[in-house]
Structure formats: C-alpha cells, structure tokens
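Listed below, chain by chain, are the residues.
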Amino acid sequence: MSALSVDDLSVAYGRRRIIDGLTAQPIEAGRVTALLGPNGSGKSTLLKALAGLVRTVSGNIRLGTQDLTHASFAERARHVVYLPQSLPASVHLRVFESVLVAAHAQAQATHRPDLDAVEALLERLGIAHLASAYLDQLSGGQKQLVGLAQALIRRPRVLLLDEPLSALDLNYQFHVMDLLHQETQAHGLITVIVLHDINIALRHTDHALMLHQGKLLTDGPSADVISSETLRTVYGVQARVERCSHGFPHVMIDALDTAHGSHPGSQSS
Ligand SMILES: Nc1ncnc2c1ncn2[C@@H]1O[C@H](COP(=O)(O)OP(=O)(O)O)[C@@H](O)[C@H]1O
Ligand SMILES: [Mg+2]
C-alpha cells in the first residue's frame, strides 16, 4: 500500500500565498487522517491542491512513487476523489441514478460497480430509503450523505473529504465516521477528512495534520496532535484533554486564551 506524500508544497491565489512550504509525514493508506485548523488556515486549499484543482507554486505531491504534481487532471482523477465543502448542485436526478452515474464516471476494467453495489452502499450509508428521491428535494444532510455515496462508490485510492459531517446529525456523524474507517481499512484507502469537531477527530481518526496560517504546526497520531498546547496556539482556547469514563480522550474548552485577544485565524498571515 502506498502513501500520499507532500513535500515543500506552496499554493497561492494570485500573489497571496496560502499554503507555505508544507511538508508532512507520509499520509498512509488504510488509516483515516484528519485535517484540522481554524477557519481560513488553508485546509480546503490544501485539499484542492491534493486533488489538482488549484495550481501549486512549488513542491511535490506523490502517490507512492507516482508524481501527482504534474499529472494530468484525468490521470489524477483516476486515483483521487474530492468531495467539496459545498453541497453538490441540486440536479433533478434520483439518488440512485446519481450514484450510478458517479460510479460509471470512474469505471475501470477492474472495478465496475453495478446496481447491486449501489444498492448495498446506500444501505450501508443508511439512505436506501432515499434511492428514488430526487436530489433537489433532499435536506442538506441527506445531500451530504449522497455526496459521500458518490465518492465512495468510485473506490478511489485517495479520498479527500472537506467537512463531510457539517450538515449531519449526531447519529449520522458517528455512523459516517465508522463507515469511513471500515472502508479505509478494508480497501486500503488514503482518507483525508477536514473536521471541525476536535472530539470526533480524537475518537475517529488515526492520524492528524494541524494547520495554522497556511503552515503545518504538527502532524502525527491524532491523540498527540490534539493537545492543550496545539489547541491554544491554533484556536486560541484554553482546553483540557481528559479521559472519559470509557477511557476515550475528550477535549473540554474552559475559556478563550486571553493572550490571543481575538480569533487566531483573524491575524494577518
Ligand atoms: N478562490 C480563492 N481566491 C482567493 N483567496 C482564497 C480563495 N479560496 C480561499 N482563499 C483564501 O485562502 C485562505 C484559506 O482558505 P481555505 O483554504 O478555504 O481555509 P479553510 O478551509 O481552512 O477555512 C483564506 O484566507 C481565504 O480567504
Ligand atoms: Mg474550508
């Protein structure tokens, strides 16, 4: 199983540099990686750069030994699926058809999802009952689940999800993270998820990257990356990480960190 490597990566919009010389430990297959950081820290930009949707100024992105930095869009799209932060456009298509279309867009000789595979995936995501509903008649959370189905059915090597839980209720948040873990392990996916909920990241991800103003503050096992110190630096909060009665680490926020004054993301970079 190969890893996704990011080396000295810089990304700019016009002359404004958003990601600045970012080098990360290899993002391994078979585990779920959280991409953390405050609003505006560059999470979506980094994900788009990995997906080849924004041009890089310099640096390298590799999948195993393959250089993705200069790969064609079609070549990259064979391996990488990106689910944007915004919900999919509301086209007048039934849920089932939309997932089937996504499957066929990616179809390769080795992996041709059929009707049964679509049905099984909708079942596993808990949205089988929506199969014949129209996309433009779904709630935000339901659309988000369909977006996930469209991404998962393509069985990419790299799965990039930008805030996939943002519209989901508590039950579905847990369910989706559980499912992503299973899929990631079973198929050796490289799964990178932007999350705002630090406790979900602690509980449901193996590895984490913490961004701060376009740079990587730290990366490693999620439980190491999420600490009082990093939360103070990056989010400007006083936080404790304690074990709950079931033994899981849990973050509690006590106060804003007075030394920061304002939201740390609002500082000019
Ligand atoms: N298309 C764009 N053009 C210009 N600036 C952008 C664009 N998209 C994002 N930015 C800027 O880049 C910075 C990082 O944005 P983003 O990657 O979306 O952050 P995050 O996802 O961590 O909230 C922000 O300051 C944002 O205003
Ligand atoms: Mg974002």
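Please read these numbers as outputs of a predicted model, since none were measured by experiment. (Residues numbered from 1 in each chain as written. Chains lettered and ligands numbered in written order. Predicted model: local features only at pLDDT ≥ 70, side-chain atom pairs only at ≥ 80, totals over all residues. Heavy atoms only, no water.)

Concerning the pairing of strand 9 (residues 207–212)
Step number 1: Counting buried residues in strand 9 gives 6 out of 6 residues, a clear majority hidden from the surface.
Step number 2: Both faces of strand 9 are covered, namely the face carrying His207, Leu209 and Leu211 and the face carrying Ala208, Met210 and His212.
Step number 3: As paired elements, strand 3 (residues 31–36) and strand 9 share 4 bridges and run parallel to each other. Following the sheet pairing, Ala34 is matched in strand 9 by Ala208.
Step number 4: Two strands pair when backbone bridges link them, and strand 9 and strand 10 (residues 215–221) are joined in this way by 6 bridges, in the antiparallel orientation. Counted as the bridge partner of His207 is Pro221 from strand 10.
Step number 5: What sits between the antiparallel neighbours strand 9 and strand 10 is a turn of 2 residues, in which Gln213 has the positive phi angle 50°. (Buried < 20%, exposed > 50% of the residue type's maximum accessible area, 1.4 Å probe, protein only. Helix = DSSP H or I, 4+ residues; strand = E, 2+ residues; numbered from the N terminus. Pairing = 2+ DSSP bridges.)

Notes on the site of ligand 1
Step number 1: All residues adjacent to ligand 1 are Tyr13, Arg16, Ile18, Pro38, Asn39, Gly40, Ser41, Gly42, Lys43, Ser44 and Thr45.
Step number 2: With respect to ligand 1, the backbone of Gly40 contributes an N or O atom lying 2.7 Å from an oxygen atom.
Step number 3: For ligand 1, whose unbound accessible area comes to 560 Å², protein coverage reaches 61%.
Step number 4: At 3 residues, the largest contribution of residues to the shell around ligand 1 is made by helix 1 (residues 43–51).
Step number 5: Split by residue class, the shell around ligand 1 holds 3 nonpolar, 6 polar and 2 charged. (Near = heavy atom within 4 Å. Polar contact = N/O pair within 3.5 Å; in protein donor to acceptor, adjacent residues only side chain to side chain. Areas by Shrake-Rupley, 256 points an atom, 1.4 Å probe, with all protein chains shown as cover. Nonpolar A, V, L, I, M, F, W, Y, C, P; charged D, E, K, R; others polar.)

Observations regarding the sheet that holds strand 1 (residues 4–13)
Step number 1: Taken in spatial order, the 4 strands line up as 2-1-4-5 in an open sheet, and their pairing is antiparallel. A single partner strand is all that each edge strand has here, and the edge strands are strand 2 (16–22) and strand 5 (66–67).
Step number 2: Sheet analysis places strand 1 next to strand 2, joined by 4 bridges and oriented antiparallel. Bridge pairing in strand 2 links Tyr13 to Arg16.
Step number 3: Taken strand by strand, helix 1 contacts strand 1, strand 2 and strand 4 (56–63), and its axis lies near 115° from that of strand 1. (Contact = heavy atoms within 4.5 Å. Axes fitted to C-alpha atoms, helices over the stretch in contact; angles between N-to-C directions.)

Quick word on the sheet that holds strand 7 (residues 158–162)
Step number 1: The 6 strands lie next to each other as 6-7-8-3-9-10, forming an open sheet whose pairing is mixed. A single partner strand is all that each edge strand has here, and the edge strands are strand 6 (80–83) and strand 10. Across the sheet, the mean angle separating the axes of adjacent strands is 15° when strand polarity is ignored.
Step number 2: Of the strands in this sheet, strand 3, strand 6, strand 7, strand 8 (190–194) and strand 9 touch helix 1, which is tilted by about 155° from strand 7.

Purely spatial values, then, with no claim about function.
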